[in-house]
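# Close look at the chain arrangement
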Amino acid sequence: MATVEVEVGKGLEALFKPRSIAIFGASDDVTKIGGRPLQFLQKYGYRGAIYPVNRKGGTVQSLPAYANLAELPSVPDLAVMAVPPDAVLEAVKDCAARGVRAAVILSSGFSEMGEEGSRLQSAIGEVARASGMRVVGPNCLGSIGVADRSIATFSVALESSFPTAGPVGIVSQSGNLGSYTMRLAVERGIGISHLLTTGNECDVDIADGIASLATDPATSVILCCMETCRNAAKLVRALAMAREAGKPVVVLKVGVSSAGSEAAASHTGALAGSDAVFDVVLRNAGAIRVPSIEQLLEVGHAVSVVGTARAPKGPRVALVTASGGFGVLMADAASAQGLELPKLSAATQERIVAALPYASPGNPVDMTAQVSSRPELLVQVLSAVAEDASCDAVILQSAYAFQMPRLRDVYLAALEQVRRAHPSRLVLLCCKAPPDTMAQLNEMGFPTVETIDAACATLAALVRLGTRGEQAEVATTLPSSEALPPEAFANEASAKAVLAQAGIPVLKEVTASGRGEALAAARDIGFPVVLKIVSPDIPHKTEVGGVVTDVRSEAQLRDEYDSLLARVAQKAPQARIAGVLVAQMAQGGTELILGTTKDPVFGPVVMVGLGGIYAEVLRDVALQVAPVTEAQATLMLRSLKAFALFDGARGRPKADVAAAARAVAALSQFAARHARSVAEIDINPLVVLDHGHGAFALDALLVPETKDKP
């Protein structure tokens, strides 16, 4: 069956702005799935044509009903299907053949029910791809276009009221999570542009939703509830479209999984879990990830009020309150979110004390209760803080001011003056207030958050938005080449030989099959040397006593050689022994762990972190989707908490960071080229010598794919 190539996000205007809607399985019973969309369309004033489709014909909820699609007066833009699963495929085929532009399948009973349901769902997806008709679902809660009153959902969230139109779009794979988010947003006073829930995603997926909202003029902020990603390239493109359009994407990613790390054979696999890879992809795209629905709403609302222009360009915050105790709480919460509390300038402190002699002018600023009666004092303090160049943003906390009419008027008058005087300065309000006051504050350009912890978390998210900067240069995606030969996976020596050809430096080494060969190799390499057992059955040699370092003489080598083999024979009696590796010993340097793993969604991922035994203990690692450039690799290294060890901390010589970055980039390119045959690569350690002296892989492990994938 031929397919119609559809650009990501295209065709969804038929969901949100249809001229006519047909409801298959329309019912008079408004408690049924087929009854509620029809009820909502009439209740909330959809202005287009509504066609109930019911095999009995007659009338449904006072509208003429039609027995099938052929009887309709015209072809609808949108079909909403609430029929049994075994009737969906034929209905979809009929709609596609007659030119219906989009369909929303509310019915369940597909891939979530097993193999037979999966086959039926796949057939529906094939019809969508062959015709170009966009299909949402099946097993979804549908969609809403708020401005046009286009309702293709049975959500109970609409039973009491309809959302107010506004700039925030919501896309969710989970129907209930998406509709619940919309309901909470409405209660929070957030205006909604569109809601899309994608369900089983036989055609339209989460990436299509993001991309569609990115091109929608009514949407300026995108809230996304994501469980997984079925198409990495589409998701990356959709996020890029949102960034190019200047529309922040706030993501609640649920479903953290440790299954990948539990099954890993290498250190790399244990350190690079799938959720961490999602973090990287979202961060690369400039999206803001949040851990809860509450933060999704708080951050989304704040972004809709602030926009991108006023997002802070750094983490330095000034805290202003009328209570010393609240100031301490705020300082703790801000520090926990990674925000910085700089000391205010002497001039700023003098201005604060001049206005309020009993104030504490440090940071936090304790204004005391003196501001309760005179708004001009609050203006003077906030203006002084807002004009201090040491701060990127201000949080003003008030426990009661906006709930008491007299104080509310004082604060509103003061804040109005501050906004006029400092239109570009971000002042976030930590307060509780009646809905009308909240709306007034938001209209003035002040984001409002009720609790201290949430206020600091929201500001930290806005800092991430304001400091995301330009996208770094990325490496060209490399096609996966022919599989590596099986012998490349045999042991450490074969792995390092293959990696050396890919541009990862290694020291001199020889695999010896006997003591005499080992002695000859050591004479040629030069003492001191390292001895390592070579076996395809021993991935971690130190666990069986299979490594001896600092061998400095022939006599020592003879003794250590025999002892090494004896230890291994005792601890791993079934292991096949291919010989003993005699390797040049690195002198000094700092160790990194370097490796790659293959994410099931995003493909090869490169990881670098503090090496040796500390890799899994400290978990100080940086990840990127492969391949990466040397510039990206350098940023990865600099992001490590342990980078000071490589940058001359406490008088240490600077390490050869450039050589380490070249090794990271080379390994990432190797992993991308050989993604079909290589599951994981583990280089532990990569020793980084002093500046100008290089970096070398001292140990390596290649893990093959168990099944060669196309």
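In the block above lies the structure referred to throughout.
I will try to describe carefully the structure that is included in this document. (Residues numbered from 1 in each chain as written. Predicted model: local features only at pLDDT ≥ 70, side-chain atom pairs only at ≥ 80, totals over all residues. Heavy atoms only, no water.)

### What about the overall build of the protein chain?
Within the protein chain, the regular secondary structure consists of 23 helices and 29 strands. If one aligns the C-alpha atoms of the protein chain with their principal axes, the spans along those axes are about 100 × 80 × 40 Å. Across the 710 residues of the protein chain, 56% fall into the buried class. The contacts in the protein chain between residues at least 6 apart in sequence include a share of 72% that link residues at least 24 apart. For the protein chain, the exposed area adds up to about 29,400 Å²; of that, 52% sits on carbon and sulfur atoms. Across the protein chain, 63 positive and 71 negative side-chain charges occur, with their mean positions spaced 3 Å apart. (Helix = DSSP H or I, 4+ residues; strand = E, 2+ residues; numbered from the N terminus. Buried < 20%, exposed > 50% of the residue type's maximum accessible area, 1.4 Å probe, protein only. Contact = heavy atoms within 4.5 Å. Areas by Shrake-Rupley, 256 points an atom, 1.4 Å probe, with all protein chains shown as cover. Lys, Arg positive; Asp, Glu negative; His and termini not counted. Charge placed at Lys NZ, Arg CZ, Asp CG, Glu CD.)

### Points about the sheet that holds strand E12 (residues 221–226)
Overall, mixed pairing links the 7 strands, which are arranged E9-E8-E11-E10-E12-E13-E14 in an open sheet. With partners counted over all chains shown, the strands left at the sheet margins are strand E9 (150–152) and strand E14 (288–290), one partner each. The sheet shows a mean angle of 20 degrees between the axes of neighbouring strands, taken without regard to direction. Bridge analysis of strand E8 (residues 143–145) against strand E11 (residues 192–197) gives 3 bridges, and the strand direction is antiparallel. (Pairing = 2+ DSSP bridges. Axes fitted to C-alpha atoms, helices over the stretch in contact; angles between N-to-C directions.)

### Comments concerning the packing of aromatic side chains
Geometrically, a pair of aromatic rings is defined through the distance of the ring centres and the angle of the planes. Under the definition given, this model contains 5 aromatic pairs. Measuring from ring centre to ring centre gives 6.0 Å for tyrosine 51 and tyrosine 66, while their planes differ by 85 degrees; the resulting arrangement is edge-to-face. Of this pair, tyrosine 51 sits in strand E2 (residues 49–53) while tyrosine 66 sits in the loop between strand E4 (63–64) and strand E5 (78–81), and the two are 15 residues apart along the sequence. Each member of the pair, tyrosine 51 together with tyrosine 66, is buried. With a centroid separation of 5.5 Å and 75 degrees between ring planes, the pair formed by phenylalanine 402 and tyrosine 411 is classed as edge-to-face. Per residue, the accessibility class of phenylalanine 402 equals that of tyrosine 411, and both read buried. Aromatic rings pair up to connect Phe40, Tyr44 and Phe162 into one cluster. Across the ring face of phenylalanine 278, the terminal group of lysine 253 is positioned such that the distance to the ring centre comes to 4.5 Å. Arginine 419 extends its terminal NZ or CZ atom over the ring of phenylalanine 446, reaching a point 4.5 Å from the ring centre. (Phe/Tyr/Trp six-rings, centres within 6.5 Å; stacked < 30°, edge-to-face > 60°. Lys NZ or Arg CZ within 6 Å of the ring centre and 35° of its normal.)

### Things to note about the packing of helix H6 (residues 206–214) against helix H7 (residues 232–244)
Between H6 and H7, the least distance of the axes is 8 Å, while the angle of their chain directions is 20 degrees. For the element pair H6 / H7, the angle class is roughly parallel. Crossing handedness for the pair H6 and H7: left-handed. Between H6, through Ala207, Asp208, Ile210, Ala211 and Ala214, and H7, the contact on the second element is made entirely by Lys234, Leu235, Ala238, Leu239, Met241 and Ala242. Its residues assigned to classes, the contact of H6 with H7 shows 9 nonpolar, no polar and 2 charged. (Parallel < 35°, antiparallel > 145°, perpendicular 65-115°, else oblique. Left-handed = near helix turned anticlockwise from the far one by under 90°. Nonpolar A, V, L, I, M, F, W, Y, C, P; charged D, E, K, R; others polar.)

### Some words on the packing of helix H22 (residues 630–638) against helix H23 (residues 657–673)
Between H22 and H23, the least distance of the axes is 8 Å, while the angle of their chain directions is 115 degrees. Pair H22 / H23 crosses with right-handed handedness. From H22, Glu630, Ala633, Thr634, Met636 and Leu637 reach across to H23, where they touch Val657, Ala660, Ala661, Arg662, Val664 and Ala665. Residue composition of the contact of H22 with H23, by class: 8 nonpolar, 1 polar and 2 charged.

### Observations concerning the pattern of salt bridges
Tallying each qualifying case throughout the model produces 32 salt bridges. A salt bridge links aspartate 77 to arginine 101; the nearest nitrogen and oxygen atoms lie 3.4 Å apart. With a gap of 24 residues between them, aspartate 77 in the loop between E4 and E5 and arginine 101 in the loop between helix H3 (85–98) and strand E6 (102–105) connect regions that are remote in the sequence. Looking at aspartate 77, the relative accessible area reads 4%, which means it is buried. (Salt bridge = Lys/Arg side-chain N within 4 Å of Asp/Glu carboxyl O.)

### As for the environment of leucine 507
Assignment of secondary structure puts leucine 507 in the loop between helix H18 (492–501) and strand E20 (509–512). Residue classification places leucine 507 among the buried positions, given a relative accessible area of 13%. Separated by 79 residues in sequence, leucine 507 and alanine 586 place their C-alpha atoms 7.9 Å apart. Those residues in contact with leucine 507, other than ones at most four positions away along the chain, are Gln584, Met585, Ala586, Phe696 and Leu698.

### Re H7
A rise of 1.5 Å per residue sets the reference length of H7, with its 13 residues, at 18 Å; its end C-alpha atoms lie 18 Å apart and thus fit the reference within 8%. Residues of H7 that are buried: Ala232, Leu235, Ala238, Leu239, Ala240, Met241, Ala242 and Arg243. The backbone nitrogen of alanine 233 has a side-chain oxygen 3.2 Å away, supplied by the residue at the start of H7, namely asparagine 231. One or two positions beyond H7, positive phi appears at glycine 246, with a value near 70 degrees. (Expected span 1.5 Å × (residues − 1). Polar contact = N/O pair within 3.5 Å; in protein donor to acceptor, adjacent residues only side chain to side chain.)

### Re the nonpolar core
Formed by 111 residues in total, the largest nonpolar core has its most connected members in Leu15, Ile210, Leu235, Val249 and Ile395. Of the residues forming this core, the biggest block, 9 residues, is contributed by helix H17 (residues 452–466). In this structure, Val498, Phe646, Leu686 and Ala695 belong to the second largest nonpolar core, which totals 40 residues. (Core = buried A, V, L, I, M, F, W, Y, C linked by side-chain atoms within 4.5 Å.)

### Examining the sheet that holds strand E18 (residues 427–431)
Backbone hydrogen bonds hold the strands of a sheet together, and the pairing may be parallel or antiparallel. As summarised here, the arrangement of the 5 strands in space is E16-E15-E17-E18-E19, forming an open sheet in which the pairing is parallel. Edge positions in the sheet fall to strand E16 (365–366) and strand E19 (448–449), since each has one partner strand and no second. Relative to E16, strand E15 (residues 317–321) is paired through 2 bridges, and the arrangement is parallel. Residue pairing for E16: valine 320 is matched across the bridge by valine 365. Lying on the sheet, helix H12 (residues 324–336) is in contact with E15, E16 and strand E17 (393–398); it crosses E15 at an angle near 155 degrees.

### Re unusual backbone geometry
Look at the link from phenylalanine 527 to proline 528: it is a cis peptide, with omega at -5 degrees. The topology assignment puts proline 528 in the loop between helix H19 (515–525) and strand E21 (529–534). Put simply, asparagine 684 and proline 685 share a cis peptide bond, and its omega is 10 degrees. Counting through the fold element by element, proline 685 comes out in strand E27 (residues 678–688). Positive phi is not limited to glycine here, since asparagine 139 has a value of about 55 degrees. By the secondary structure assignment, asparagine 139 is in the loop between strand E7 (134–136) and E8.

### Observations regarding the state of the cysteines
The tally for this structure, following the rule as stated, stands at 0 disulfides. Cysteine 95 takes part in no disulfide bond, and the closest cysteine sulfur, belonging to cysteine 202, lies 13 Å away. Using a relative accessible area of 0% as the deciding quantity, one classes cysteine 95 as buried. In this structure cysteine 430 is not part of a disulfide, and its nearest cysteine sulfur, from cysteine 431, lies 7.1 Å away. (Disulfide = S-S within 2.5 Å.)

### Topic: the pairing of E6
Side-chain alternation along E6 places Ala102 and Val104 on one buried face and Ala103 and Ile105 on a second face that is also buried. Pairing analysis gives 4 bridges linking E5 to E6, with the strands arranged parallel. Note on E6: the bridge partner recorded for valine 80 is valine 104. A crossover links E5 with its parallel partner E6, the connecting element being H3, and its sense is right-handed. In terms of strand pairing, E6 meets E7 through 3 bridges, oriented parallel. (Right-handed = clockwise from strand over helix to strand, strands pointing away.)

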